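Listed here are the chains, written in short residue letters.
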Amino acid sequence: MVSCVCSGALGFLLLFLLHSASGVNNLYNIINSLHNKYGGDYQYALGINVLPRYCEQVAPLDQNFLPSDNNAQGVKRAMAGTDKIYKGVQLIGARPKPIPHSQNNNYHSEYLLLINSMSSRLAPNPLMKTLLDSNPDRCAVFFTRNSPCVKTCSTPNGRYSIIPALRSQFQNHEGPKAFVFNRVWPRDEDDPEWENNIKTINDIIPVYRCDGHCTLCVNNNNVDQRCLKN
């Protein structure tokens, strides 16, 4: 690996709220805050599970937003450390982790959060599943700096595919949910496979690109061009 629904009326309402103008604006504010506080100009991924009002309403990101995960430098130090993992109460994060005895190959940050942390100090359960299970009614957002690459993460039947994990963890999540990326992985720009893979992910969890503003990537099975190139 080289670095590179809800159901029924309640489910419809939750998705509608997240897709509404205020919901999309809230999502942008969340992603912008996460990137500015915990991220940087490198590949990383984060998962949050927060009070639904931060996604559904015009709600400022106050002291009750990630209250136990406010030590930004501590989060970034953990993600830069040997494990490349931060495990908090409402926030998890990862950066790519070198695969031992494999030159220039990494476990991708999405893989570390959704499938296997590759950590000897953490429980074997996927970190995102543990986070979601802690509060199944809350608003869950999975964010990755670069779109999950076609070569590994986003190809449905690939060896390191995150698709099965997304399906098992998010498909029946009862609260609002979103899968967000900031930049298109350069090697995948205008790749027909990436376009198909976006649709597959969107069938499980709504996919957005947030870069200056947030764009819902799939409408009526058509992929917005803004989600296919930088």
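Every value quoted in this text rests on a predicted model; they were computed, and no experiment measured them. (Residues numbered from 1 in each chain as written. Predicted model: local features only at pLDDT ≥ 70, side-chain atom pairs only at ≥ 80, totals over all residues. Heavy atoms only, no water.)

**Quick word on the nonpolar core**
Counting 39 residues, the largest nonpolar core has Phe-170 and Ile-198 as the members making the most contacts within it. Among the secondary structure elements, those contributing two or more residues to this core are β3 (91-94), α5 (109-114), α6 (127-134), β6 (139-146), α7 (163-170), β7 (177-183) and α8 (192-202). Ile-30, Ile-48, Ala-178 and Val-180 belong to the second largest nonpolar core, which has 29 residues in total. (Core = buried A, V, L, I, M, F, W, Y, C linked by side-chain atoms within 4.5 Å. Buried < 20%, exposed > 50% of the residue type's maximum accessible area, 1.4 Å probe, protein only. Helix = DSSP H or I, 4+ residues; strand = E, 2+ residues; numbered from the N terminus.)

**Focus: the confidence of the model for the chain**
Across the chain, pLDDT averages 89, with 90% of residues at or above 70. This model gives residues 1-17 a pLDDT under 50, and the stretch forms 44 contacts once residues within four places in sequence are excluded. (pLDDT = per-residue confidence, 0-100. Contact = heavy atoms within 4.5 Å.)

**Observations concerning the packing of aromatic side chains**
How two aromatic rings sit relative to each other is given by the distance of their centres and the angle of their planes. Counting across every chain of the model gives seven aromatic pairs. Between Phe-142 and Phe-179, the aromatic rings sit 5.6 Å apart at their centres with planes inclined by 20°, giving stacked as the arrangement. Of the two residues, Phe-142 sits in strand β6 while Phe-179 sits in strand β7, which places them 37 residues apart along the sequence. Residue classification places Phe-142 among the buried positions, given a relative accessible area of 0%. When its relative accessible area of 0% is taken as the criterion, Phe-179 is described as buried. An angle of 70° between the planes, with centres 5.7 Å apart, marks the rings of Phe-181 and Trp-194 as edge-to-face. (Phe/Tyr/Trp six-rings, centres within 6.5 Å; stacked < 30°, edge-to-face > 60°.)

**Looking at the state of the cysteines**
One pass over the structure, following the stated rule, counts three disulfides. Here Cys-55 connects covalently by a disulfide to Cys-139, the sulfurs 1.9 Å from one another. Handedness here is read from the sign of the S-S torsion; for Cys-55 and Cys-139, about -90°, the answer is left-handed. Residue Cys-55 is located in helix α3 (residues 53-56), and its partner Cys-139 is located in strand β6; the two are separated by 84 residues in the primary sequence. For the residue pair Cys-55 and Cys-139, the accessibility class agrees, reading buried in each case. Here Cys-217 engages in a disulfide with Cys-227; their sulfurs sit 2.1 Å apart. Of note, the bridge from Cys-217 to Cys-227 carries an S-S torsion of about -85° and is left-handed in sense. Within this pair, whereas Cys-217 is found in the loop between β9 (214-216) and β10 (218-219), its partner Cys-227 is found in the segment after β11 (222-223), the two being separated by 10 residues in sequence. Taken individually, Cys-217 and Cys-227 each receive the classification buried, so the pair is uniform in this respect. (Disulfide = S-S within 2.5 Å.)

**What to know about the pairing of strand β8 (residues 207-210)**
Side chains Val-207 and Arg-209 of β8 all project onto a buried face; the interleaved residues Tyr-208 and Cys-210 project onto the opposite face, where all are buried too. Pairing of β7 with β8 involves three bridges; the strand directions are parallel. Considered in β8, the bridge of Val-180 is made with Tyr-208. With respect to chirality, the unit in which β7 leads through α8 into the neighbouring parallel β8 is right-handed. By the bridge criterion, three bridges tie β8 to β9 in an arrangement that is antiparallel. Its bridge partner lying in β9, Cys-210 is registered against Cys-214. Here β8 folds back onto β9 in antiparallel fashion, the turn holding three residues, of which Gly-212 has a positive phi close to 85°. (Pairing = 2+ DSSP bridges. Right-handed = clockwise from strand over helix to strand, strands pointing away.)

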